[in-house]
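Results of the structural survey
For reference, the chains in residue letters:
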Amino acid sequence: MTVTILRLGHRVFRDQRMSTHVFLVARAMGVVNGFYSGERDTGLEQSTKRIATEFGGTFTVEHVKNPIRFIKDWKGEIVHLTVYGLPVEQVAKTVSTKDLLVVVGGEKVQPEVYQLATKNIAVTSQPHSEVGALSLFLYLTLGKRSLQTSFSNAKRKIIPQERGKKIDHDKGARV
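1. Description of the overall build of the protein
Helix and strand counts for the protein stand at 6 helices and 8 strands. Secondary structure elements of the protein occur, N-terminal to C-terminal, as β-α-β-α-β-α-β-α-β-α-β-α-β-β. The C-alpha atoms of the protein give 16 Å as radius of gyration, which agrees with the globular expectation for 175 residues (16 Å, within 12%). Across the 175 residues that make up the protein, the buried fraction comes to 45%. Here the contacts in the protein between residues at least 6 apart in sequence split such that 75% fall between residues at least 24 apart. Roughly 9900 Å² of accessible area belongs to the protein as shown, and the carbon and sulfur atoms make up 51% of that amount.

2. Re the sheet that holds strand 4 (residues 77-87)
Taken in spatial order, the 6 strands make up an open sheet running 3-2-1-5-4-6, and their pairing is parallel. On the outer flanks of this sheet lie strand 3 (60-63) and strand 6 (119-122), each paired with one strand and no other. Between one strand and the next, the sheet's axes are offset by a mean angle of 30 degrees, whatever the strand orientation. Sitting on the sheet, helix 2 (residues 42-55) is in contact with strand 1 (3-10), strand 2 (33-38) and strand 3, with an inclination near 170 degrees to strand 3. On the sheet, helix 6 (residues 130-142) packs against strand 1, strand 4, strand 5 (100-104) and strand 6 and is oriented at approximately 160 degrees with respect to strand 5.

3. Here we look at a nonpolar patch on the surface
Together, Leu136, Tyr139 and Leu147 give the surface a local cluster of nonpolar side chains, amounting to about 270 Å² of exposed area. Inspection of the secondary structure assignment puts Leu136 in helix 6.

4. What to know about the packing of aromatic side chains
For the structure shown, the criterion picks out 3 aromatic pairs. With a centroid separation of 6.2 Å and an interplanar angle of 35 degrees, the aromatic rings of Phe70 and Trp74 are classed as tilted. The pair Phe70 / Trp74 is uniform in exposure class, with both members buried. The rings of Phe35, Phe70 and Trp74 are connected pair by pair, giving a single aromatic cluster.

5. Remarks on unusual backbone geometry
Backbone geometry places Asp99, a non-glycine residue, at a positive phi of 50 degrees. Considering the arrangement of structural elements, one finds Asp99 in the loop between helix 4 (88-91) and strand 5. Asp99 gets classed as partly exposed once you look at its relative accessible area, which sits at 27%.

Reading the values: the criteria
- Residues numbered from 1 in each chain as written.
- Predicted model: local features only at pLDDT ≥ 70, side-chain atom pairs only at ≥ 80, totals over all residues.
- Heavy atoms only, no water.
- Helix = DSSP H or I, 4+ residues; strand = E, 2+ residues; numbered from the N terminus.
- Rg over C-alpha atoms; globule rule 2.2 N^0.38 Å.
- Buried < 20%, exposed > 50% of the residue type's maximum accessible area, 1.4 Å probe, protein only.
- Contact = heavy atoms within 4.5 Å.
- Areas by Shrake-Rupley, 256 points an atom, 1.4 Å probe, with all protein chains shown as cover.
- Pairing = 2+ DSSP bridges.
- Axes fitted to C-alpha atoms, helices over the stretch in contact; angles between N-to-C directions.
- Patch = residues over 30% accessible without salt bridge, like charges linked within 9 Å, V, L, I, M, F, W, Y side chains within 5 Å.
- Salt bridge = Lys/Arg side-chain N within 4 Å of Asp/Glu carboxyl O.
- Phe/Tyr/Trp six-rings, centres within 6.5 Å; stacked < 30°, edge-to-face > 60°.

This is the structure we're talking about:
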């Protein structure tokens, strides 16, 4: 499955951490492509590139000027994560396993996005974090493998432990 993330309406001052976390979660769960619209943010691009360089993977982030055109040109399924959609637990397993675009909102989402999406999916019918919605959606769609991502090109590896922090700095460590 090729999963691509499109983050809508990024605002540098307001959304810097949130957009970064959207892409970090996507990368950690096996997604390799991220795109965003709104304000161009080279800091966002450099930050995610640095994480991929250090912890592995080939994740890339690119800015798109026209997200509606990007969505219209997509050749595959389009899932829009929104609190106004159908319940994720009912819909996640029906999502295509090929060429999936996951649209994650930011500022007010244009009504056209709802129409262009193959599926509008909600994690709950309550306000919530797009990072949380993306995490849960990817887990329910990709299954356990989304939590077992490893990267052969990692320069650093986080070593799981009950307390404290430990990082293996060996080049080529498996994450």
